[in-house]
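# What the coordinates show
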Amino acid sequence: MSRTTNSHQLPDMDRTTPEPEVTPEAPPADTSDDIQHSTPLEEAAPAEGVAAEHAVSSESSKSAERDGAEKATAAEEEAAGEVPAEERTTASEEEPVADIDTDTASDKVSGKQEEAPAEEASAGEKETPSGEAPAAEESKAAAKDPAVEESPAAETDPADEGDTGTDEDTSAGDGPAGPPDEPAAPGKWRDRHPVAARNVGWTVTGLSLLLICFALLMPTSAPKFTPGVFLRIPVEAVLGAAVLIVLPRRPRIVVAILSGAILGVLTVLNLLDVGFNMFLGRGFNVVLDWVLFDDAQSYLKDTMGNGGAIGAVIAVVALVLIVLVLMTLAVLRVSNVMTRNRDAASRVTLVVGTAWVTCAALGLQLSGPGIAARTTVARVEDRVNRVQATLKDEAAFAKEAKKDAFGGTPGDQLLTDLRGKDVMIAFIESYGRSAIEDEATAAGVDATLTAKNEALTKAGYSAKSGWLTSATYGGSSWLGHSTFLSGLWINNQNRYRTVTAGEHLTLTGAFKRTGAWRTVGVMPGIQKNWPEGKFYGLDNVYDSRELGYEGPKFSWSTMPDQYALSAFERLEHGKKRDKPLMSEIILTSSHQPWAPIPKMIPWNQVGDGSVYEGIEKAGKDPADVFYDSKKVKEEYGKSIQYSVNSLIDYVVKYGSKNTVLVFLGDHQPLASVSGSNASRDVPVSIVAHDKSVLDKIDDWGWTDGIKPDKTAPVWRMDSFRDRFLTAYGSTPVKR
């Protein structure tokens, strides 16, 4: 069919001469498929062929001398849709394509429309010299050119082309275009809201950069989180940016992903350092401390219940994954932005790098740390050094543990000055120096110590006290116990495993070696098998399952201290024996989170512990105490008072003239109670009814009573075993 170029609305235009430089497309060979493709267009105007033939015959009579090749060229030009804009129809968009063609054909037949130029008549012929149907040619051209594919109604207003949204609005098939009244396909959100998209993009980039800088500059202890720490220039960021800018695309992506993942891992380790410094007063040891997570999970289960512990574990795992993913995405984001703005990124990197070098050379600082920071590099170096030191320490400690000043001493030469005495060694959980000297706890604890010292004196006992520096802080009580009893400095889990897996004389083991004492342990905090009992030289160990307690747990503590001591009296101390008794007793009521706290009751009412049901329910909730800096100190002090009351009241009530009590704290409480710069000192006291027992330690310089003076001697905890053995008649014989 022919395209209508004249109407009563447009001026009559002469034919369009094709540009000489445009090479018309060679028409494809005529096929039945081509004719079929043209059928829809031909059927739209059945009368159009008559008008076209009339136009051809009329033009032939007027232009017989024209070159046939020129006619073919013009016809192909017309079929390709290269028609001036002025000759396009102006039918409204609401009219269907078929209606326009039908009306035009009718106008031709009725003679209402002016005579078409020769070129258009030629384009309307059924066959070209090559045998190609014009309608089929036009259909194929429309399929190749999206502009031609649109209906004449859609081509009316060129200004509408700017509202098409995206490239996806054009048709993809060879068939006729969709109805012109269909709405344009919506574009991407970024295309429809460019300003908002740009703002969001820069915000994400800024947050990514802040996250990276935070990870590179973050400290490893909570008190150091100050604004000045983050107002520095991390050299790692400068070096990383320089590398990413110069790398090609694929290596850059790989390096960015690896850098983000490594930075995420370092951030997780820094967070572990923060937690370990808060609870244990030291950083996380990547070689030894993984085993502590099992203990942490058990602690959460005891204090929060099984559901709370599972929820906490899920939250921790999710946090780790989020940190790793976000850090990786942040590095990728910044890397992509720098690549798209390579020149600007290079200039900024150069300026920041120059500023870092200048600040480092001049030693400039804001408040404390220098502006030129290399925190991450230094921290990685420190971790590597600690790993190397840990591995070396393992071998060195194994040799040290084999050396023992009393390892070869026969039993009859050990503890000769304590024969016939019932000796109790009691550890009070978290009983540290801060309990006696911190303003928040000192008043109550000091009053209790003073009152109980008077009770001991009234009952005929005397006491001396000093200070020991524990090998642990805030937790890991077993490290303090093993250090005190073995005479070895056991400040990490690896040392603990090494010494307990071998043979080394412990203080409790020395009593057993003599054959003069029955040795027992009361361990209410142990809830499963404890093979280390053999290492400590204990004839029998009573754990939480064997003490017969039927009452409620008090947070982490499986039973009140008063009950544990009552069970000890019932199971061992109160029975007739042919030997004196040496006992190791662990008191746990002062274990964090220090709520709820038991209360002292008459000893004859303790029974199986059921009486504590009401006391536990009336106590405070751990969550209301542990996270309140003021309340947690107050309740900690009260828990120490309860433990001291339980122990001293037991000695006064059930002790005898042969009773000797050694009691001490295993470590200081965590930093939120003792303070971030607290010492690791714990009180230690020896109580005896026989004054000659205390005369043996007159040269120690300890303070009279159960409250050590500030000026009392401070020894390392591992030195106590040898001092004690020596003071009470033991003969050193190296193994």
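Definitions and limits used
Residues numbered from 1 in each chain as written. Predicted model: local features only at pLDDT ≥ 70, side-chain atom pairs only at ≥ 80, totals over all residues. Heavy atoms only, no water. Helix = DSSP H or I, 4+ residues; strand = E, 2+ residues; numbered from the N terminus. Expected span 1.5 Å × (residues − 1). Buried < 20%, exposed > 50% of the residue type's maximum accessible area, 1.4 Å probe, protein only. Contact = heavy atoms within 4.5 Å. Polar contact = N/O pair within 3.5 Å; in protein donor to acceptor, adjacent residues only side chain to side chain. Phe/Tyr/Trp six-rings, centres within 6.5 Å; stacked < 30°, edge-to-face > 60°. Lys NZ or Arg CZ within 6 Å of the ring centre and 35° of its normal. Axes fitted to C-alpha atoms, helices over the stretch in contact; angles between N-to-C directions. Parallel < 35°, antiparallel > 145°, perpendicular 65-115°, else oblique. Nonpolar A, V, L, I, M, F, W, Y, C, P; charged D, E, K, R; others polar.

### Quick word on helix α17 (residues 439-458)
With 20 residues, α17 ought to run about 28 Å at 1.5 Å a step, and its terminal C-alpha atoms sit 29 Å apart, in line with that. If you check which residues of α17 are buried, you get Thr441, Ala442, Val445, Asp446, Thr448, Leu449, Lys452 and Leu456. In this fold, the buried residues of α17 make contact with α16 (433-437), α25 (629-654) and β9 (681-688). In this structure aspartate 438 caps α17, since a side-chain oxygen of it lies 2.9 Å from the backbone nitrogen of alanine 440. Directly beyond the C-terminal end of α17, a positive phi value near 95° is found at glycine 460.

### Some thoughts on the side chain of arginine 383
Locating arginine 383 in the fold gives a position in helix α15 (residues 375-402). Judged by its relative accessible area of 8%, arginine 383 falls in the buried class. Among residues more than four places away in sequence, those in contact with arginine 383 are Leu269, Asn270, Asp273, Phe284 and Val286.

### A short note on the packing of aromatic side chains
To describe a pair of aromatic rings, you give the distance between the ring centres and the angle between the ring planes. In the structure shown here, the tally under the stated rule is 26 aromatic pairs. An angle of 40° between the planes, with centres 6.4 Å apart, marks the rings of phenylalanine 214 and phenylalanine 225 as tilted. Here phenylalanine 225 lies in the loop between α9 (194-217) and α10 (227-230) and phenylalanine 214 lies in helix α9, a separation of 11 residues in the sequence. Owing to a relative accessible area of 33%, phenylalanine 225 belongs among the partly exposed residues under this scheme. With 6.1 Å between their ring centres and 70° between their planes, tryptophan 700 and phenylalanine 720 make a pair best called edge-to-face. Residue tryptophan 700 is found in the loop between α27 (691-695) and β10 (703-704), and its partner phenylalanine 720 is found in helix α28 (residues 720-727); the two are separated by 20 residues along the sequence. Judged by relative accessible area, which is 0%, phenylalanine 720 ranks as buried. An aromatic cluster is present here, built from Phe427, Phe484, Trp700, Trp702, Trp715, Phe720, Phe724 and Tyr728 joined pairwise through their rings. The ring of tyrosine 654 has lysine 653 lying over it, and the distance from NZ or CZ to the ring centre is 5.5 Å.

### A word on the side chain of glutamine 592
One can find glutamine 592 in the loop between β7 (581-587) and α23 (612-618). A relative accessible area of 9% means that glutamine 592 is categorised as buried. Contact partners of glutamine 592, with chain neighbours within four places excluded, come to Phe279, Tyr299, Gly474, Trp556, Phe626 and Leu670.

### Some thoughts on unusual backbone geometry
Each neighbour pair has its own omega, and for glutamine 592 with proline 593 the value is 15°, a cis peptide bond. In this fold, proline 593 is placed in the loop between β7 and α23. The residue after alanine 595, namely proline 596, is reached through a cis peptide bond having omega -10°. Counting through the fold element by element, proline 596 comes out in the loop between β7 and α23. Even without being glycine, serine 430 reaches a positive phi, approximately 60°. Topologically, serine 430 is positioned in the loop between β3 (422-428) and α16.

### What about the packing of α17 against α25?
In contact at an axis separation of 8 Å, α17 and α25 are set at 5° when each is read in the N-to-C sense. Judged by the angle between their axes, α17 and α25 are roughly parallel. On α25, the residues that touch Ala440, Thr441, Gly444, Val445, Thr448, Leu449, Lys452, Ala455 and Leu456 of α17 are Lys633, Tyr636, Gly637, Ile640, Gln641, Val644, Asn645, Ile648, Asp649, Val651 and Val652. Residues that form the contact of α17 with α25 fall into these classes: 11 nonpolar, 6 polar and 3 charged.

Just geometry here; none of it tells us what the structure is for.
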